[in-house]
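Spelled out, the chains give:
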Amino acid sequence: MDVIHTDVLVIGGGLAGLRAALGARKRGQKVIILSLVPPKRSHSAAAQGGMQASLGNTAKGAGDNEDIHFEDTVRGSDWGADQEVARMFVHTAPKAVRELAAWGVPWNRVQAGPRDVIIDSQRVTLTEPEAAHGLITARDFGGTKKWRTCYVSDGTGHAMLYAVSDRTIAEGIPVHERMEAVSLIHDGERCYGAIVRNLISGKLLAYVARATCIATGGFGRIYQSTTNAVINEGIGAAIALETGVVPLANMEAVQFHPTAIFPAGILVTEGCRGDGGLLRDVDGHRFMPDYEPEKKELASRDVVSRRMEAHIRSGKGASNRFGEHLWLDITLLGEAHINGKLREVKEICQHFLGIDPAKQWIPVRPAQHYSMGGIRTDAHGAARGLSGLFACGEAACWDLHGFNRLGGNSVAETVVAGMIVGEAIADFCATPEGDMHVSTALVRDCREQENARFADIATSRGQESASVLMQRMQAIMSEKVGIVRNGDDLTVAVDELKNLLLRSRQIGLRSSAPGANPELTTAWRVQKMLKLALCVAYGALQRSESRGAHFREDYPRRDDAQWLKRTLAFWRDPEQRVPTLEYENLDVRHMELPPGWRG
Amino acid sequence: MALIDNNGSHELLGADASGQLVIHAPTTAPLRQPPRKSRWPARLDMLQSASGLFLALFLMAHMFFVSSILISHDAFYTVARFFEGAYFLGKPYPILVSGVVSIILAVFIGHAWLAMRKFPAGYRQYRAFVTHKNSLRHGDTSLWWLQIWTGFALFFMATIHLYDMLTQPALIGPYESADRVWTGNMWPLYLMLLFAAELHASVGLYRLAIKWGWFTAATPNRSRRRLRWAKHGISAFFITLGLVTLAAYVDLGRAHAERAGERYVPTYLNAPHTAGKH
Amino acid sequence: MISILRRKNDTQPTRRLCIQVLRHNPADAASVPHLQAFEIAEAEGMTLFIALNEIRATQDPSLQFDFVCRAGICGSCAMLIDGRPGLACRTLTRDLGTTITLAPLPFFELIGDLSVNTGKWMRGTSERLQTWIHSSAQTDLDALEAPMEPELAEAIYELDRCIECGCCIAGCGTAQMREKFVGAVGLNKIARFRLDPRDDRSNDDFYELIGDDDGVFGCMSLLGCHDVCPKQLPLQTQIAYLRRKMAVIGLA
Ligand SMILES: Cc1cc2nc3c(=O)[nH]c(=O)nc-3n(C[C@H](O)[C@H](O)[C@H](O)COP(=O)(O)OP(=O)(O)OC[C@H]3O[C@@H](n4cnc5c(N)ncnc54)[C@H](O)[C@@H]3O)c2cc1C
Ligand code: HEM
Ligand code: HEM
Ligand code: SF4
Ligand code: F3S
Ligand code: FES
């Protein structure tokens, strides 16, 4: 049997995984990173807009500090966040930005002197302070009091991911690409690594590690309309769930981004609105001020998305062959600005819509964007339920974002969590707890079990088609577990998803190519994804309130008396058809900022 | 653990049990390790360009000299004697032309040797390039192919011409050249040589400008468009000039065919007393 | 005041597309490379990403290809589209004829059908060219960051935009012939780090990495790289610039 031993196994080569690996490596641990794709292709590269850190270098960021960032984050989360984590996060974010700067991220810089910007569709002249010339600049993002989002043109995630990835190459950390973790090796108490499938040869291997860290990103692909990459299928979270002992938290908290191009679902950055872009309806009317007179287009994402959907429902949507949408107008920013600072947006419009955003409006509609929920960990990334298992990044829920994440807080979270969790992993490895006594029988059994699962699907005579089930699941999720939810729809969704889960055991393959047959891969994954979808839908059905991105028409208010708590979803018995939900209270007495008006 | 040679770029990588790549050598090793990288690749690259540039400039000048026949026989005669040093040394020394030819020949051979390093080495590389070129259908790639072939052709054709000039330096003059062109049956060679040399030189000059970033405009694409115009212009001008000149030699050669072998005597020397003296 | 919305093709009948894929599965000893044709109906706004997924879902589930971001930013989906390297995910079928030929990028290790291992090659190149900031300075994360001229930061990003898609390698005749050639992607990276003041390396150091015929002097200025780069990086000028700098080292 092929067994690979290492101190630390990091599953996921996105920003979070890479940064955590660097942290552990720096402390002398032997680290191996697994990734479905070459790490630089991870979806972190897609982050366009920027990363929040309260540097306060710019005129509009003057006076910014950790406290304000903290308040924005907690308010944005609708008090769902863990405030201890939020504190640590806002404190570390500026350091992370500077570390990245030292690693080569070409952050855009402050140009001293006057400059013209568009604020609230007015041309305004800002004068940047002389003393700040050349320091890292920031732009405006939704839901923040100060201009705090550090950026690299509109390729922030790309520049960050490349810098961090190059750093791992410099440190000689191996990345085993095209490798998919398919289950965790564990005995119900401690995690010993993972069973991994080689996506080229289709072979299964065992990676035995003292500490395992899941950083596999989000699970947007359980939705039909999503800004996420096609690899964001949430397998990392699913294999943690399938251990039966590790809970996924707040899975119903799913964020929808207001401006995905319609119908492709490709994101155009929030920076468009931050820089002064407007939302318009079928009549060309700028409607956001009617709903949100104060923050207008720059209200929290969940708010804007909901308003947009409501506006479309009120008959004000423009439409084309594929359905209804609204317009994003950035023509007023001018060609120079668009060509320089919003270049990716321009390229996306050119290539996917065939339009020039400097002259034409962009058809947009909200789409699934971010999963606040994930593997429940403590404030240092240690997963609940299994010792030796850690998680960070979008895959985890250490609970920085609560029920709604602020734009720009996520890439910041990945590197900050990477820093903190990487240290925690190294600490863990240095303690007696980090020692490991693993039986070869356990490793073999885990592998055999997984082998059997693949063999079952490959040899099944079942009649179901994996791609049909996948599409059906995605459709249900987008239609019934979307931006605006209600009890009836959710009940229907849960029932149908349960049914799909049963059907997914009857999948038969039409092809049997040697190597990693893509059909087999899909068939295997859809079973996991259905479980995640059920966690989301069932969690949403149970939560009879509205909080952050989770909005229930039938319970439109936040209900702190009943629901100031975190959902934990377990899948203890492989045969169960809905997750077991438990709840943990958020203790108001320990809150620095007690629940209040969200603003 | 076997080292994988993935197109030569994995010196530091080996395969582990998974067949995946793992790094063995510390990659943060000090940069400047003792056996310093040779400076010769840089020099050879510059020499290749310098020799090409020299040859191309020479060819332009050469075309002007040769085309002086279009002005008059005497003009060409004067140019020829000029290169034999007749006007500084009192009398013509054809050996001087041989000297110039030797220099050109040396540069020519040097350039050919340098440039041939870029030829496809072996059939595999040849196939790889042809397949690539045919599928890409890309201007500059095809131009390079043209340069390879014209260069290859020059290797033979120009050698013959240069050998002629080296061994018979005295036989340069309106009648002598025209006889060589027509009676000596050199014109087909010259015709091909003309096209090969001019195309090769103009593409070479164009590539030279791209390669070293000369004459750049505001954007790379604009500078390229400009350079491409210049290249077409140079090709067209010199090929036209060459064709007309060659036609003049052919004309003269045919008219002079019966008296082939006769040396030309300029009008200003023989006009008074050689008239009618045959 | 709504500007022209989209190109309206409603009047035209839907085209039937014939998509020919060069198929080969190296994992299967019996497999030989061959062209296989698939027919599908074109839809509005259809990209090759949509088309290939439709083919896989409805016609041949074993078809292999790589898409990740499907938004033209991750560099996974480079392939030969009618002979030219390009990103399949952002290629609209309406810009192509009714017969479309797709082949995997040449040069890179073939995984199967349209999927090639660019990542492995790119990592090797990164190691070989040491494409990371080399700095002996200790950064104090609590101190104000070192200032940088705004234009310089933008100029660095301009070169940092490479997505390692491999199109420039597939578009380069030199690379097809000489496998050790670093290609435009490698040279561009060196140019990027050379420009970065945070990198301590001197021209002499860079000469050690690219000062030979597998490096900058191997480039024959074919410019295929420049013309196919989906990010429109200024490869032509950057390579010329590096060549000048490295040539000067050769004179010393
Ligand atoms: C279009 C878009 C734009 C965004 N813009 C912004 C922004 O402007 N600002 C901001 O703050 N945030 C933004 N975000 C959010 C942010 O980019 C992500 O949340 C963040 O990058 C996630 O990083 P990660 O490291 O957790 O995961 P990812 O970058 O998604 O990486 C996941 C990694 O895990 C690997 N992996 C997955 N499953 C497995 C498995 N089973 N086995 C092995 N490996 C596996 C993958 O190969 C990949 O390497 C954006 C998100 C999207 C979709
Ligand atoms: C045996 C004859 C010759 C051969 C085989 C030959 C071959 C070549 C080749 C292959 C190149 C391309 C090199 C590259 O792409 O890097 C080249 C470049 C060039 N050649 Fe020639 N050539 C020959 C003669 C000539 C002559 C006679 C001239 C001038 C008239 C000339 C002028 C040039 C120029 C200007 C270049 C560009 C130099 C460069 O790119 O560095 N060559 N030659
Ligand atoms: C020092 C070296 C050279 C000398 C002295 C020389 C001399 C001449 C002369 C005298 C002629 C006229 C015809 C003849 O007399 O045969 C001629 C023609 C020609 N030469 Fe050269 N030559 C030299 C080098 C070259 C080189 C290197 C090339 C090209 C690679 C070249 C290309 C030609 C061509 C194409 C013609 C025909 C011109 C026409 O079209 O009229 N020559 N040369
Ligand atoms: S330089 Fe351009 S073509 Fe080459 S890998 Fe980078 S983005 Fe792709
Ligand atoms: S195509 Fe190749 S030869 Fe040079 S200019 Fe580009 S790298
Ligand atoms: S899939 Fe990412 S570039 Fe095409």
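Rules behind the numbers
- Once a new chain begins, its residue numbering starts again from 1 and follows that chain's sequence as written.
- Following the order in which they are written, the chains are lettered starting with A and the ligands numbered starting with 1.
- Residue-level local features of this predicted model are given only where pLDDT is at least 70; pairs of side-chain atoms are given and counted only at 80 or more, and the full residue set underlies all totals for whole chains, interfaces and linings.
- Working from all heavy atoms in the structure, the side-chain values ignore hydrogens and water.
- Helix and strand definitions follow DSSP, with helices as H or I runs of at least four residues and strands as E runs of at least two, each counted in order from the N terminus.
- The atom set for the radius of gyration is the C-alpha atoms, and the globule formula is 2.2 Å times the number of residues raised to the power 0.38.
- Classification of residues uses two cut-offs on accessible area relative to the type maximum, computed with a 1.4 Å probe and protein chains only: under 20% is buried, over 50% is exposed, and between them is partly exposed.
- Two residues qualify as a contact provided that any one of their heavy atoms is within 4.5 Å of a heavy atom in the partner residue.
- Per-residue accessibility takes into account occlusion by the displayed protein chains alone, with areas from the Shrake-Rupley method and a 1.4 Å probe.
- Charge counting treats Lys and Arg as positive and Asp and Glu as negative, with His and both chain ends excluded.
- Taken as the charge location is NZ of Lys, CZ of Arg, CG of Asp or CD of Glu.
- Throughout, disulfides are identified as pairs of cysteine sulfur atoms within 2.5 Å of each other.
- Sites may look incomplete because water is not among the atoms; the donors themselves are N, O and S atoms within 2.8 Å of the metal, or within 3.2 Å for Na, K and Ca.
- A site with four donors is called tetrahedral when every donor-metal-donor angle falls between 85 and 135 degrees; four donors are called square planar, and six octahedral, when opposite donors sit more than 155 degrees apart and all other angles fall between 65 and 115; any other arrangement is irregular.
- Following DSSP output, two strands are said to pair if at least two bridges run between them.
- Each of two parts loses accessible area, computed with a 1.4 Å probe, when they are put together; buried area is these two losses added.
- By convention in these notes, a salt bridge is any Lys or Arg side-chain nitrogen within 4 Å of a carboxyl oxygen on Asp or Glu.
- For this analysis, a polar contact is any N or O atom pair within 3.5 Å, provided that within protein one partner can donate a hydrogen and the other can accept it, and provided that sequence-adjacent residues contribute only side-chain to side-chain pairs.
- Each residue is assigned to one class: nonpolar for Ala, Val, Leu, Ile, Met, Phe, Trp, Tyr, Cys and Pro, charged for Asp, Glu, Lys and Arg, and polar for all the others, Gly among them.
- Where helices are involved, their axes are fitted lines through C-alpha atoms of the stretch in contact, as for all axes, and angles between N-to-C directions lie from 0 to 180°.
- By this rule the span expected of a helix is its residue count minus one, scaled by 1.5 Å.
- Each residue is assigned a bend, namely the angle between axes fitted to the seven residues that terminate at it and the seven residues that start at it.
- Being near a molecule or strand, for a residue, comes down to having at least one heavy atom within 4 Å of it.
- An automatic or database domain assignment supplies the start and end points of every domain.
- Each angle receives one of four descriptions, namely roughly parallel if under 35 degrees, roughly antiparallel if over 145, roughly perpendicular if within 65 to 115, and oblique otherwise.

S.K.: Hey, could you go over the overall build of chain A for me, with residue numbers and the actual values?
M.R.: Secondary structure assignment for chain A yields 16 helices and 21 strands. Taken over C-alpha atoms, the radius of gyration comes to 23 Å for chain A, in line with the 25 Å a tight globule of 599 residues would show. Expressed as lengths along the three principal axes of its C-alpha atoms, the size of chain A is roughly 70 × 50 × 50 Å. Taken across its 599 residues, chain A has 68% of its residues classed as buried. A fraction of 72% describes how many contacts in chain A between residues 6 or more apart in sequence connect residues 24 or more apart. Of the roughly 18,500 Å² that chain A leaves accessible, carbon and sulfur atoms contribute 48%. Charge separation in chain A, taken as the distance between the mean sites of 70 positive and 72 negative side-chain charges, equals 2 Å.

S.K.: Talk me through the state of the cysteines; I want residue IDs and the actual numbers.
M.R.: Residue and element names in this part refer to chain A. Counting across every chain of the model gives zero disulfides over all chains. In this model cysteine 150 remains outside any disulfide bridge; the closest cysteine sulfur is found in cysteine 272, 19 Å from its own. For cysteine 150, a relative accessible area of 1% gives the class buried.

S.K.: Break down the coordination of the iron atom of ligand 2 for me, citing the residues and quoting the values.
M.R.: Residues and elements named next belong to chain B. Within the protein, the iron atom of ligand 2 binds to His111 (NE2) and His200 (NE2); these donor distances fall in the range 2.0 to 2.1 Å. Because the angles between the six donor atoms bound to the iron atom of ligand 2 fall within 86 to 179 degrees, the donor set is best described as octahedral. Placement of the pair is histidine 111 in helix H4 (residues 94-116) and histidine 200 in helix H8 (residues 187-212), with a sequence separation of 89 residues. The burial state of histidine 111 is the same as that of histidine 200; both residues are buried.

S.K.: Describe the sheet that holds strand E19 (residues 396-397) of chain A, naming the residues involved and giving the relevant values.
M.R.: Residues and elements named next belong to chain A. Read across the sheet, five strands follow the order E19-E17-E11-E20-E21 without closing on themselves; strand pairing throughout is mixed. This sheet does not close on itself; its edge strands, each paired only once, are E19 and strand E21 (580-585). Bridging between strand E17 (residues 374-376) and E19 involves two bridges; their strand directions are parallel. If you follow arginine 376 over to E19, its bridge partner there is cysteine 397.

S.K.: Report on the interface of chain C and chain A, specifying residues and quantitative values.
M.R.: Interface size is commonly expressed as the accessible surface area that is lost when the partners come together. Of the residues lining the interface, 79 residues belong to chain C; the matching set on chain A comes to 86 residues. Together chain C and chain A conceal approximately 6,400 Å² of surface at their shared face, both sides included; 52% is due to carbon and sulfur atoms. Viewed at the interface, chain A and chain C are joined by 10 salt bridges. Between A:Arg98 and C:Glu145 there is a salt bridge, with its nearest N and O atoms 3.2 Å apart. Taken together, the links from chain C to chain A amount to 37 residue pairs in polar contact (both at pLDDT 80 or more). Where the side of chain C that touches chain A is concerned, the elements lending two or more residues are helix H1 (48-58), strand E7 (115-116), helix H2 (118-129), helix H3 (150-160) and helix H6 (183-195) of chain C. Ranked by residues supplied to the side of chain C that touches chain A, first place goes to H3(C) with eight residues. Among the residues making up the side of chain C that touches chain A, the classes are represented as 36 nonpolar, 16 polar and 27 charged.

S.K.: Please provide a residue-by-residue account of the interface of chain B and chain C, values included.
M.R.: On the side of chain C, 55 residues touch chain B, which itself brings 48 residues to the contact. Buried surface at the junction of chain B and chain C, both sides included, amounts to about 4,600 Å², of which 54% is carbon and sulfur. Scanning the region where chain B abuts chain C turns up six salt bridges. Ionic pairing is found between C:Glu208 and B:Arg39, a salt bridge with its closest N-O pair at 3.7 Å. Taken together, chain B and chain C are joined by 27 residue pairs in polar contact (both at pLDDT 80 or more). Those elements giving two or more residues to the side of chain B that touches chain C turn out to be strand E2 (21-23), helix H1 (40-66), helix H5 (122-136), helix H6 (139-167), H8 and helix H9 (220-255) of chain B. Here the side of chain B that touches chain C gets seven residues from one element, more than from any other, and that element is H5(B).

S.K.: I'd like to hear about the sheet that holds strand E5 (residues 99-103) of chain C, residue by residue, with values.
M.R.: All names here are of chain C. Taken together, five strands build an open sheet; the order of strands is E2-E1-E5-E3-E4 and the sheet is mixed. Looking along the sheet, the strands with just one partner apiece sit at the ends: strand E2 (34-41) and strand E4 (84-87). Sheet twist, expressed as the average angle between the axes of neighbouring strands with direction ignored, equals 35 degrees. Where strand E1 (residues 16-23) meets E5, four bridges bridge the pair, whose relative direction is parallel. The residue bridging glutamine 20 from the neighbouring strand is threonine 101, located in E5. Across the face of the sheet, H1 comes into contact with E1, E2, strand E3 (78-81) and E5 while running at roughly 100 degrees to E2.

S.K.: Before we move on, could you go through unusual backbone geometry and cite the residues and values that matter?
M.R.: In this structure, A:Pro263 follows A:Phe262 across a cis peptide bond, with omega equal to 0 degrees. Within the secondary structure layout, A:Pro263 lies in the loop between strand E12 (254-261) and helix H6 (271-274). A positive phi angle, close to 50 degrees, is found at B:Phe215, a residue other than glycine. Residue placement: B:Phe215 occurs in the loop between H8 and H9. Look at B:Phe215 and you get exposed, because its relative accessible area is 59%. Although it is not a glycine, C:Gln232 adopts a positive phi angle of roughly 50 degrees. Relative to the elements of secondary structure, C:Gln232 occurs in the loop between helix H8 (224-228) and helix H9 (235-251). Look at C:Gln232 and you get exposed, because its relative accessible area is 58%.

S.K.: For H6(B), give the residues involved together with the corresponding values.
M.R.: For H6(B), which comprises 29 residues, the first-to-last C-alpha distance of 40 Å matches the rise-based estimate of 42 Å (1.5 Å per residue) to within 8%. By the largest-angle criterion, B:Leu154 marks the main kink of H6(B), which is about 35 degrees.

S.K.: With reference to specific residues and values, describe the coordination of the iron atom of ligand 3.
M.R.: Residues and elements named next belong to chain B. Donor atoms from the polypeptide that coordinate the iron atom of ligand 3 comprise His62 (NE2) and His161 (NE2), at 2.0 to 2.1 Å from the metal. Around the iron atom of ligand 3 sit six donor atoms, and with donor-metal-donor angles ranging over 83 to 178 degrees the site reads as octahedral. You can see histidine 62 sitting in helix H1 and its partner histidine 161 sitting in helix H6, a full 99 residues away along the chain. Overall, the relative accessible area of 15% leaves histidine 161 in the buried class.

S.K.: Residues and numbers for the site of ligand 1, please.
M.R.: All names here are of chain A. Neighbouring ligand 1 are 38 residues, the closest being Ser42, Ser44, Glu394, Ser410 and Val411. Serine 35 is positioned such that a nitrogen or oxygen atom in its side chain is 2.8 Å from an oxygen atom of ligand 1. Interatomic distance of 2.6 Å between a side-chain N/O atom of serine 42 and an oxygen atom of ligand 1. Considering ligand 1 on its own, with 990 Å² of exposed area, one finds that the protein chains cover 98% of that surface. In terms of residue class, the shell around ligand 1 is built from 15 nonpolar, 20 polar and three charged.

S.K.: Before we move on, could you go through the site of ligand 4 and cite the residues and values that matter?
M.R.: Taken together, the residues surrounding ligand 4 are C:Cys162, C:Ile163, C:Glu164, C:Cys165, C:Gly166, C:Cys167, C:Cys168, C:Val185, C:Cys229, C:Pro230 and C:Leu233. Broken down by class, the residue content of the shell around ligand 4 amounts to nine nonpolar, one polar and one charged.

S.K.: An account of the domain arrangement of chain C is needed here, citing residue identities and associated values.
M.R.: Residue and element names in this part refer to chain C. Structurally, chain C comprises domain 1 (2-116) and domain 2 (147-251). For domain 1 and domain 2, the distance between their C-alpha centroids amounts to 30 Å. Each partner contributes residues to the interface: domain 1 has 14 residues there, and domain 2 has 15 residues. Where domain 1 abuts domain 2, roughly 1,100 Å² becomes buried across the two surfaces, and 67% of that area is made up of carbon and sulfur atoms. Among the residues domain 1 hides against domain 2, the three largest losses belong to Pro85, Arg90 and Phe107. Together they make up 43% of the total. At the boundary of domain 1 and domain 2, one finds zero salt bridges. Inspection of the domain 1/domain 2 interface yields two residue pairs in polar contact (both at pLDDT 80 or more). Per element, the largest residue contribution to the side of domain 1 that touches domain 2 is four residues, and it comes from E4. Classifying every residue of the side of domain 1 that touches domain 2 gives nine nonpolar, three polar and two charged.

S.K.: Can you explain the packing of helix H7 (residues 203-210) of chain C against H9(C)? Please cite residues and give values.
M.R.: Packed helix pairs are specified by the crossing angle of their axes together with the interaxial distance, meaning the distance between the axes. All names here are of chain C. For the pair H7 and H9, interaxial distance at closest approach is 10 Å and the crossing angle is 100 degrees. In terms of axis orientation, H7 runs roughly perpendicular to H9. Counting all contacts with H7, which are made through Asn203, Asp204, Phe206, Tyr207 and Ile210, the residues of H9 involved are Leu242, Lys245, Met246, Ile249 and Gly250.

S.K.: Tell me about the environment of A:Glu84, residues and numbers included.
M.R.: Mapped onto the fold, A:Glu84 is located in helix H3 (residues 83-102). Taking the C-alpha atoms as reference points, A:Glu84 and A:Ala379, 295 residues apart in sequence, are found 7.5 Å from one another.

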